[in-house]
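Commentary on secondary and tertiary structure
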Amino acid sequence: MELKIIDKADDEMHLEIKGETHTLLNMLKSVLLDDSRVQIATYDMKHVSISDPILFVKTDGTDPIDVIKDALKVLISQCDEFIGVFSKAIEA
């Protein structure tokens, strides 16, 4: 995975996420939209097999880098929780 900041302002950012698909982008977008500081979170992928997704985040003035970092922490926490629940389920 490679990241490239296409443009960034105080309250918005376009971020190209090379090598990823709808799977990660949908999860990240969902977590971002649950954040009250986020006004818009969306991504565009021209064609799944030949283009890389571009994430767009617009905030209430909060630095979008901080908002994305927080969203990624939430995703990690959700994955950790799933691992725990799954591990218990397969032990039964």
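Scroll up to find the structure.
Residues numbered from 1 in each chain as written. Predicted model: local features only at pLDDT ≥ 70, side-chain atom pairs only at ≥ 80, totals over all residues. Heavy atoms only, no water.

**Side note on the layout of surface pockets**
To find leftover empty space, a probe the size of one water molecule is rolled over the atoms. As a volume, the largest pocket reaches approximately 200 Å³. Leu 3, Leu 15, Leu 28, Ile 68 and Leu 72 are, among the 13 residues lining the largest pocket, the residues nearest its centre. If you list the elements that add at least two residues to the lining of the largest pocket, you get strand S1 (2-8), strand S2 (12-18), helix H1 (22-33) and helix H2 (64-91). Of all the elements, H2 adds the most residues to the lining of the largest pocket, at 4 residues. (1 Å grid on protein atoms, 1.4 Å probe; cavity = no way out; pocket = protein on both sides within 12 Å on 5 of 7 lines; lining within 4 Å. Points joined across faces, edges and corners; volume = space filled by probe spheres on them. Helix = DSSP H or I, 4+ residues; strand = E, 2+ residues; numbered from the N terminus.)

**A word on H2**
Because the α-helix completes a turn every 3.6 residues, residues three or four places apart line up on one side. For H2, which comprises 28 residues, the first-to-last C-alpha distance of 41 Å matches the rise-based estimate of 40 Å (1.5 Å per residue) to within 8%. Pro 64, Val 67, Ile 68, Ala 71 and Leu 75 are the residues of H2 that are buried. Looking at the buried positions of H2, the neighbouring elements they touch are S1, S2, H1, strand S3 (38-44) and strand S4 (54-59). (Expected span 1.5 Å × (residues − 1). Buried < 20%, exposed > 50% of the residue type's maximum accessible area, 1.4 Å probe, protein only. Contact = heavy atoms within 4.5 Å.)

**Some details on the nonpolar core**
The biggest cluster of nonpolar side chains holds 17 residues, and the ones touching the most others in it are Leu 28, Leu 32, Leu 55 and Ile 68. Listing elements by their share of this core, those giving two or more residues are S2, H1, S3, S4 and H2. Those residues in contact with Leu 28, other than ones at most four positions away along the chain, are Leu 55, Ala 71, Leu 72 and Leu 75. (Core = buried A, V, L, I, M, F, W, Y, C linked by side-chain atoms within 4.5 Å.)

**Overview of the pairing of S4**
Pairing of S2 with S4, which is carried by 5 bridges, proceeds in the antiparallel orientation. In the strand pairing of S4, Glu 12 is matched with Lys 58. Relative to S4, S3 runs antiparallel, the two sharing 6 bridges. Considered in S4, the bridge of Tyr 43 is made with Leu 55. (Pairing = 2+ DSSP bridges.)

**A closer look at the side chain of Thr 59**
Inspection of the secondary structure puts Thr 59 in strand S4. Apart from residues lying up to four places away in sequence, Thr 59 is in contact with Asp 11, Arg 37, Val 38, Gln 39, Pro 64 and Val 67.

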